[in-house]
Amino acid sequence: MSEEKPVVVKEFKGEAKIGRVFKNFATLTLKPEDLSSPVTFQMAISRLYESLMKVFESGGPETTYIAEVKITDDTGNQVSIAIDLGNSIPPFSSEKVKADVKVTLHED
């Protein structure tokens, strides 16, 4: 007799903003600690400049369309995720759309 494993499913409603980004620029990020002092900020700018130069040396940036999906979780915190929509313009009439997010929790 097989034992069924527990499954919890939760659905969230939110909004998404669609835009175009440079795909290989994802490694260019600033962290909060990069803004903690003028020296750390200067180091972060140097790091960003080096990464930017590597991107252009390797043939330039690729563009892709993404949707930034924002939902509010059960504790009231806003959660953002990015979804890659590919290289062509998505077939929506507006850059702001509704989003439904489904989370399924289960054991392996």
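Fair warning: this is a prediction, and the values are worked out from it, not measured in the lab. (Residues numbered from 1 in each chain as written. Predicted model: local features only at pLDDT ≥ 70, side-chain atom pairs only at ≥ 80, totals over all residues. Heavy atoms only, no water.)

> Before we go on, may I ask you to explain the pattern of salt bridges in this structure?
Should the charged atoms of two oppositely charged side chains come close, the side chains can pair. Taken as a whole, this structure holds four salt bridges when the rule is applied. Between Lys10 and Asp74 there is a salt bridge, with the nearest N and O atoms lying 3.5 Å from each other. Of the two residues, Lys10 is situated in strand β1 (residues 7-22) and Asp74 in the loop between β2 (63-72) and β3 (78-86); the sequence distance between them amounts to 64 residues. Among the salt bridges present, the one from Asp100 reaches Lys13, with a minimum N-O distance of 3.2 Å. Taken together, the positions of Asp100 in strand β4 (residues 96-106) and Lys13 in strand β1 put the pair 87 residues apart, joining distant regions of the chain. (Salt bridge = Lys/Arg side-chain N within 4 Å of Asp/Glu carboxyl O. Helix = DSSP H or I, 4+ residues; strand = E, 2+ residues; numbered from the N terminus.)

> Is there a simple way to explain the pairing of β3 in this structure?
The two faces of a sheet get side chains in turn, since along a regular strand they alternate between them. Where β2 meets β3, eight bridges bridge the pair, whose relative direction is antiparallel. If you follow Thr72 over to β3, its bridge partner there is Gln78. Linkage of β2 to β3, two consecutive antiparallel strands, is achieved through a turn of five residues, within which Gly76 is found at a positive phi near 90°. (Pairing = 2+ DSSP bridges.)

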